[in-house]
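A closer look at the structure
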Amino acid sequence: MCAAKPHPFFIVVLCMLLDLHIIRQKSQELREENKRFKVFLKPIPTRMVDTYVQELEKKIAASIDCTACGNCCKVLEPPVDDDEVQRLAKLKNINADEFEKEYVGKEANTAIHFLKCQPCIFLQNNSCTIYQDRPASCADYPHLHQPNIKYRWKSLMDNYAMCPIVYNVVEALKEKMDFK
Ligand code: SF4
Ligand code: SF4
């Protein structure tokens, strides 16, 4: 945490943590603090929290180079729907059945299908080779602009431990809200 307290934008940029190993460690160390933060946010209007998170995400994401990280494409298995399976199969020059057999997993007891490769087969040199055609859940990641962030705490904390954008947004939110 920074000692000085200048303009919030500088706090955000100067104090950013990008090292994935340290972020993973910090997410363990700050587990109890984050539980308290969840309780702290409870009485705060949902829309206000969402707006702060979205503002912080804009600033922080603009300062982070995802091609120097690529972690989400290495460790997550993004959900895909039938249309996306068809599209991705075409890009691989195989038919949808082959693609599904080779690269698609199914979540037990749900209808959710996901790309089961880690790292993703479409990742090369930390960049998505099918960027324009990537699944909607990839385009949406890290989902911070979606509403009701307070009620998506488990997924927020999962992403906090592995995505520098999410980690730094949550830490900046603590600062902004004067959370001790
Ligand atoms: S979205 Fe997060 S995890 Fe994915 S590449 Fe960007 S900083 Fe890394
Ligand atoms: S499809 Fe592209 S954006 Fe999605 S996980 Fe694979 S490499 Fe990453």
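In this report, the structure presented in the accompanying data block is examined. The model shown is predicted, which means the values in this text are computed figures rather than measured ones.

So, about the sheet that holds strand S1 (residues 79-80). Judged by pairing direction, the sheet is antiparallel, and its three strands sit side by side in the order S1-S3-S2 without closing on themselves. Each of the sheet's edge strands pairs with one partner strand only, and the pair in question is S1 and strand S2 (104-106). Inspection of the sheet shows S1 paired to strand S3 (residues 113-115) by two bridges, in the antiparallel sense. Bridge pairing links Val-80 to His-113 in S3. Along the sheet face, helix H7 (residues 96-103) touches S2 and S3 and points at about 65° away from the line of S2.

The interhelical angle for the contact between helix H9 (residues 153-160) and helix H10 (residues 164-176), taken along N-to-C directions, is 115°, at an axis separation of 7 Å. In terms of orientation, H9 and H10 fall into the roughly perpendicular class. Listed contacts from H10 to Leu-156, Met-157, Asn-159 and Tyr-160 of H9 are Val-166, Tyr-167, Val-170, Glu-171 and Lys-174. A per-class count over the contact of H9 with H10 returns six nonpolar, one polar and two charged.

Quick look at the site of ligand 2 now. As a structural note, the neighbourhood of ligand 2 is formed by Cys-73, Pro-78, Cys-120, Phe-122, Leu-123, Cys-128, Ile-130, Arg-134, Pro-135 and Cys-138. Of the residues in the shell around ligand 2, the class split is nine nonpolar, no polar and one charged.

Bringing unusual backbone geometry into the picture now. Geometrically, the link from Gln-118 to Pro-119 is a cis peptide bond, its omega value of 0° lying close to zero. As for its position among the elements, Pro-119 is in the loop between S3 and strand S4 (123-124). Along the chain, Tyr-141 connects to Pro-142 via a cis peptide bond; the corresponding omega equals 10°. Secondary-structure assignment places Pro-142 in the loop between helix H8 (136-140) and H9.

Glancing now at the pattern of salt bridges. One pass over the structure, following the stated rule, counts six salt bridges. The partner of Glu-33 in a salt bridge is Lys-174, and the shortest N-O contact between them spans 2.8 Å. Pair noted here: Glu-33 is in helix H3 (residues 31-41) and Lys-174 is in helix H10, with a separation of 141 residues, a long-range link. Look at Glu-33 and you get partly exposed, because its relative accessible area is 23%. A cluster of three or more residues bridged by salt bridges with shared partners is formed by Glu-33, Glu-171 and Lys-174.

This part covers the site of ligand 1. Around ligand 1, the neighbouring residues are Ile-64, Cys-66, Cys-69, Gly-70, Asn-71, Cys-72, Tyr-141, Met-162, Cys-163, Pro-164 and Ile-165. Its residues assigned to classes, the shell around ligand 1 comprises nine nonpolar, two polar and no charged.

Before going further, it helps to spend a moment on the nonpolar core. Ranked by internal contacts, the top residues of the largest apolar core, which has 30 residues, are Leu-41, Leu-144, Leu-156 and Leu-173. Of all elements in the fold, only H3, helix H4 (46-62), H9 and H10 reach the threshold of two or more residues within this core. Tallying contributions element by element places H10 first for this core, with seven residues. Beyond its immediate sequence surroundings of up to four residues, Leu-156 is in contact with Leu-144, Ile-149, Val-166 and Val-170. In terms of nonpolar packing, the next biggest core, distinct from the first, is built from 14 residues, Val-85, Leu-115, Phe-122 and Ile-130 among them.

On to the packing of aromatic side chains. All chains considered together, the criterion is met by seven aromatic pairs. Where Phe-99 meets Phe-122, the ring centres are 6.5 Å apart and the plane angle is 25°; that geometry is what we call stacked. Taken as a pair, Phe-99 in helix H7 and Phe-122 in the loop between S3 and S4 lie far apart in primary sequence, 23 residues in all. On the basis of relative accessible area, Phe-99 is assigned to the buried category, the value being 0%.

Parameters at a glance
Residues numbered from 1 in each chain as written. Chains lettered and ligands numbered in written order. Predicted model: local features only at pLDDT ≥ 70, side-chain atom pairs only at ≥ 80, totals over all residues. Heavy atoms only, no water. Pairing = 2+ DSSP bridges. Helix = DSSP H or I, 4+ residues; strand = E, 2+ residues; numbered from the N terminus. Contact = heavy atoms within 4.5 Å. Axes fitted to C-alpha atoms, helices over the stretch in contact; angles between N-to-C directions. Parallel < 35°, antiparallel > 145°, perpendicular 65-115°, else oblique. Nonpolar A, V, L, I, M, F, W, Y, C, P; charged D, E, K, R; others polar. Near = heavy atom within 4 Å. Salt bridge = Lys/Arg side-chain N within 4 Å of Asp/Glu carboxyl O. Buried < 20%, exposed > 50% of the residue type's maximum accessible area, 1.4 Å probe, protein only. Core = buried A, V, L, I, M, F, W, Y, C linked by side-chain atoms within 4.5 Å. Phe/Tyr/Trp six-rings, centres within 6.5 Å; stacked < 30°, edge-to-face > 60°.

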